[in-house]
Each structure stands twice: as C-alpha cells, then as structure tokens.
Amino acid sequence: MPLPFRLTLALALTLTSLAGCKLVKNVDEAGEGSAAGGSSTAPANDMDAQVAAMWDDQVMAHFNDAATDLATLLPAIESDIEAAGEEYAYRPAGSGGAWNFTTQFTGTIVAADTETRAATADVDIDGDGAGDATVQLGPVLRGTALRDALPFIDFTSFGDQIAFAQLSRSLNTRAYDGALAPLDRDDLEGRQVRVTGAFALSQAGGEILVTPVALEEIAP
Amino acid sequence: MTFTRRVLLAGVAAAMMIGQPMAASAADLIAIITPSHDNPFFKAEAEGAQAKAEELGYETLVLVHDDDPNKQSQLFDTAIARGAKAIILDNAGADASVAPVRRAKEAGIPSFLIDREISETGIAVSQIVSNNYQGAQLGAEEFVSLMGEEGQYAELLGKESDTNAGIRSSGYHDVIDQYPDLEMVAQQSANWSQTEAYERMESILQANPEIKGVISGNDTMAMGAWAALEAAGRTDVIVVGFDGSNDVRDSIKAGGIKATVLQPAYRQAEMAVEQADQYLKTGSTGLDEKQLMDCILINADNADALETFALTN
C-alpha cells in the first residue's frame, strides 16, 4: 500500500525526488546525473485532484481502520503520552514534533464559537458537561494533523515544503467540503455528534484540537 | 574534461573508503558553514553545531558564506582541502548549493544540511529543514486573531533570492487569504534588513494611515518596522515577526511586537552534528534524508522561556 501510493503521487506531481528509490541515488553517484528536478511545485488544483483520488480508498480507509476511541486515548495520553503515541499515533520521522492521533467519538456539543472563520465546537464525550475535545468546524481549518496522521505520506517524496503544505491544504479542504460544509451552524449547543478525525499533540494537557474527516449529527 | 574525470575517480576512491565505518578520532574535523553571524540566528546555528561537535570530540572549522554561492563554493574547496570528515551547512541557495554538496560527496565528505533544503535529494546525507511554511501558518493564525479577522495590513518580504522569503510569504497568505475582511494594502521587500524595513514602514505608513497590522518575513525586519511605528507614534499597529530572536522576545515582553515564530536553530544544528557523528561511526544515520522540524509560536505567554533560539521548559 505505501509504496504504490508514494510512487503514484510523486510521479503524478512530476516531483522527481523519489524517496528511497535506488535509481536516483545510482544516477547521482555516476557523476553528472541531473536526477532530481526539485523545486517544481504542483498547482493546487492538481493536488486537489490527487486528494480526491485517494480520499476514499486511502485516507478514509486509514481513518476507519486506525481511529481509536477518544475515551481510550485521553487517559492513555494523560498517563504517558510517549507510550500512547507509540501505540495509537503516528509521528513523521526526525521532527521531534507532535504525535498525530486518529480518533473517533460520540458526544454532545457543550460550547461553540462560530463568530470566527476558524469556528470550533467543544464536545463532551463523558457526560460531565465539560468539553473533552475541540472540534474544528471551519471554513478555516488550522494545522496539518490530517496529513501528518497518515503514515503512508512522507516529506522526502515531496519536492519542497510548499508542495507538502499544499497536500495538507487540499486534505483539509476536502475534509471541510465533505464533513463540515453541510453542517447547520445555528444553535449547535446540545446537539449530539459523531466525529472521526485527527489531532496533533506534543504534551499531555495540550488542547485536543480535532480536524474531522467525518462529522455527523445523530438523533438524541 | 580530464580534470573532471580525475576528480570523479578520486571521488569514487574516497567514497569507497568512507563507505567503511570508521571511528572518530580527536583529530577529525567537522566544517560548519553558515550565512553571516551578523544575524544572530545563524550565529546560534554555528554555535550549536560547534559546541556539539567539540563535545563529541571533533575539531571544528567555522566558516561563513554571506549568502554568496561563489564564496560557499570556495569554502567547500577549503573544507575538502583541509580533510574535513563532514560538513554541516546552512546553504546559500537551493539550486546553487547542489554542485558543491555533490563535489564534497564525490570527495568522500558527507554533508548535513540545516535550516533550508536544497533542490536535489540523494547527495546530502541529511537535510534537517525548518518547516517555514508551518511556522508561517502559525504566525499568520496569531496575526489574524490579533487583527480580529479584519482590517488593513502590510507585509514585509525577505530577500527574493532566499527560498524562505517565498515559503514564508506563501504560508502567511495560505491562512490570511481565507479571511476576506483582511486587506493587504502594501507588500514590499526589505531584504531581511532592519534599516530597509524602517524606511519601507515609514513610506507605507504615509500612504496607508489606516493600517492596522504588519506581518514580517523575519524578526530583523519586524524590529525595523516597529522602530518606525514607534517613531510615528503608531504603537497601536500589530506587528508579527519570524525567527524567535532575543530582540523580538524583549520587544514582546515590553508590549511592542506581538508575536514571532521560533525556528529551533540551536537544537537543529546539534541534531545535524549528532547525525554526522552517527554516520561517520556506523555508515548510516538511520533516518530519512529530509526531516522537517516544526516551528513554535512565541507570544507573551511563552516569551520568557525563549533564549538564543531555544525554548526552555
């Protein structure tokens, strides 16, 4: 699964820096090989098309497979985020950065901030009336948790940071269009939702800011 | 042609030798090449790399290329001639740096890049890249929030030839342009320079007295802009920078500039040396070549913990 995806994406984007591809390295070692083109940046609409192509079979498939119930994650993170990360999350190589958890949960919206374009709703999953996770509603979605939670994506296969960032933007846009745009934003408080998404966390106690790939309202 | 071939053959021989794991001895030399230390960011990089290298028992050769690709190329020749075992590099241009890094590789000397990437993979052993795009998004999110999602603003761009100038600007706009009530009334390059930023800010203020915020591609330009705003009695204007310098930290603590974004320069340089050491001892770093390091938002909440491009807990 990982390799074909990586190759398809890299080829489709004409980004020639194929990670771990021995061919490139051999050409370089031979001397004057102009193997990698490098700084080419794919137009955003190409990236949108790539994301559309991989959304169901790879992105949603991964979330449906890997998402852990938030009620399991929260105490695990509280007791040892490194152990919880190893077991439930993904952290891209080298960065020393955040763990990216995939999660799902059902809960009640106890507060919502829809005054901002980066709208959010606090969701209570254990019935104590306090929000356990802050769910992003958009249209502006912050962060790169969706991209960084996908273990089959890696930065080395991308020409540069901008292309890599475009992938994140396209994933977030696809998530907004599919999961969040249809949501009725009036009187959110008290409504019950089922959410699947990702959040990035580097230390216990930080805000659980979930970017949803799916959000559905359920009848109370 | 003959010359090229001879160099290539020498490179092959050296590459075969370096392929063998070897132990570092006290005499082993690591070359550390960065832009000018006039910018404290690059000074922190060089110091971080040097301290870690000496801690691990290496001698160091610290050089500056002043963002001049020709000078960088000469410094690579110097490092090769001096028999450096590894090169730590913050490079002078994504395209222009490919040739010297390749030349070092062919001479059997592995390069470990920090801060900025080059436009090819497979010739440096590591590229530990500051995620400038992610950092710019963080800075922009804070800026948007401080602006109340509306109003006129100006952007100060870095030096056009520097990849990071474009990456940061793209990251800023990736966020800001999603807010239709934020209006960019001026976008000018001040070439990373404090004095140029001062002058640009003066003229931008004259032309746009309604301006409410300034987002700057680095901290030195943010300092220049802030000085001009202070001089004009416009300390109400929101300024956000990028780099996490001590100067901007102090301004944030004094209620001046509102925020910046830290690139963990010191730690990044240490990591590059650790990876070089690992590679020299075992023939592999065990890590991907390209490693993206996240940046951290600095504002009044955590400015106290910032010192020389590192955040203490």
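Procedures and definitions
- Residues numbered from 1 in each chain as written.
- Chains lettered and ligands numbered in written order.
- Predicted model: local features only at pLDDT ≥ 70, side-chain atom pairs only at ≥ 80, totals over all residues.
- Heavy atoms only, no water.
- 1 Å grid on protein atoms, 1.4 Å probe; cavity = no way out; pocket = protein on both sides within 12 Å on 5 of 7 lines; lining within 4 Å.
- Points joined across faces, edges and corners; volume = space filled by probe spheres on them.
- Helix = DSSP H or I, 4+ residues; strand = E, 2+ residues; numbered from the N terminus.
- Nonpolar A, V, L, I, M, F, W, Y, C, P; charged D, E, K, R; others polar.
- Domains from an automatic or database assignment.
- Contact = heavy atoms within 4.5 Å.
- Buried area = accessible area lost by both parts, 1.4 Å probe.
- Salt bridge = Lys/Arg side-chain N within 4 Å of Asp/Glu carboxyl O.
- Phe/Tyr/Trp six-rings, centres within 6.5 Å; stacked < 30°, edge-to-face > 60°.
- Lys NZ or Arg CZ within 6 Å of the ring centre and 35° of its normal.
- Core = buried A, V, L, I, M, F, W, Y, C linked by side-chain atoms within 4.5 Å.
- Buried < 20%, exposed > 50% of the residue type's maximum accessible area, 1.4 Å probe, protein only.
- Expected span 1.5 Å × (residues − 1).
- Axes fitted to C-alpha atoms, helices over the stretch in contact; angles between N-to-C directions.
- Left-handed = near helix turned anticlockwise from the far one by under 90°.

Observations regarding empty space enclosed by the protein
Item 1. Enumeration over the complete set of coordinates arrives at four cavities of 30 Å³ or more.
Item 2. Considering the residues around the largest cavity, the lining is formed by T144, R147, Q161, F164 and A165 of chain A together with N131, Y133, Q134 and Q137 of chain B.
Item 3. When residues of the lining of the largest cavity are traced back to their parent elements, those giving at least two are α7 (161-180) of chain A together with α5 (132-146) of chain B.
Item 4. For the lining of the largest cavity, the per-class residue count stands at three nonpolar, five polar and one charged.

As for the domain arrangement of chain B
All names here are of chain B.
Item 1. When the domains of chain B are assigned, the result is domain 1 (3-130 + 265-293) and domain 2 (132-262).
Item 2. Put simply, the middle of domain 1 and the middle of domain 2, counted by C-alpha atoms, are 33 Å apart.
Item 3. Facing the six residues of domain 1 at the interface are six residues of domain 2.
Item 4. Counting each side, the surface lost to burial between domain 1 and domain 2 is near 620 Å², with a carbon and sulfur contribution of 40%.
Item 5. Area buried by domain 1 at its contact with domain 2 is led by F41, R116 and S130, which between them contribute 47% of it.
Item 6. Taken together, the links from domain 1 to domain 2 amount to one salt bridge.
Item 7. The partner of R116 in a salt bridge is D162, with the nearest N and O atoms 2.8 Å apart.
Item 8. Split into classes, the residues belonging to the side of domain 1 that touches domain 2 amount to two nonpolar, one polar and three charged.

Some remarks on the packing of aromatic side chains
Item 1. Summed over the entire model, instances satisfying the criterion amount to six aromatic pairs over all chains.
Item 2. These aromatic residues form a ring-pair network of at least three members: F41, F42 and F309 of chain B.
Item 3. Here the basic side chain of R91 of chain A rests over the ring of W99 of chain A, its NZ or CZ set 4.0 Å away from the ring centre.
Item 4. If you follow R147 of chain A out to its NZ or CZ, it ends over the ring of F164 of chain A, 3.8 Å from the centre.

Description of the nonpolar core
Item 1. Core analysis: the biggest nonpolar cluster contains 33 residues, and M201 and I257 of chain B have the highest contact counts within it.
Item 2. For this core, the elements supplying multiple residues, two or more each, are α2 (40-55), β6 (151-157), α7 (194-207), α8 (219-231) and α9 (246-253) of chain B.
Item 3. Looking at which element gives the most residues to this core, the answer is α8 of chain B, with seven residues.
Item 4. The contact partners of M201 of chain B, leaving out residues within four places of it in the chain, are I211, V214, A225, A228 and L229 of chain B.
Item 5. L70, W99, Y176 and V195 of chain A belong to the second largest nonpolar core, which has 29 residues in total.

Section: α5 of chain B
Because an α-helix packs 3.6 residues into every turn, residues spaced three or four apart end up facing the same way.
Residues and elements named next belong to chain B.
Item 1. The end-to-end C-alpha separation of α5 is 21 Å, in line with the 21 Å expected for 15 residues at 1.5 Å each.
Item 2. The buried count for α5 comes to 12 of 15 residues, which makes it a mostly enclosed element.
Item 3. Along α5, the positions that sit buried rather than exposed are N132, Y133, Q134, G135, A136, Q137, G139, A140, E141, E142, F143 and V144.
Item 4. Immediately downstream of α5, the backbone of G148 shows phi near 65°, a positive value.

Points about the packing of α2 of chain B against helix α10 (residues 265-282) of chain B
Residue and element names in this part refer to chain B.
Item 1. Where α2 meets α10, the axes come as close as 7 Å, and the angle between the chain directions of the two elements is 35°. Taken as a pair, α2 and α10 cross one another with a handedness that is right-handed. Taken together, the residues of α10 that come into contact with α2 (itself represented by F41, A44, E45, E47, G48, A49, A51, K52 and A53) are A265, Y266, A269, E270, V273 and E274.
Item 2. Tallied by class, residues from the contact of α2 with α10 come to nine nonpolar, one polar and five charged.

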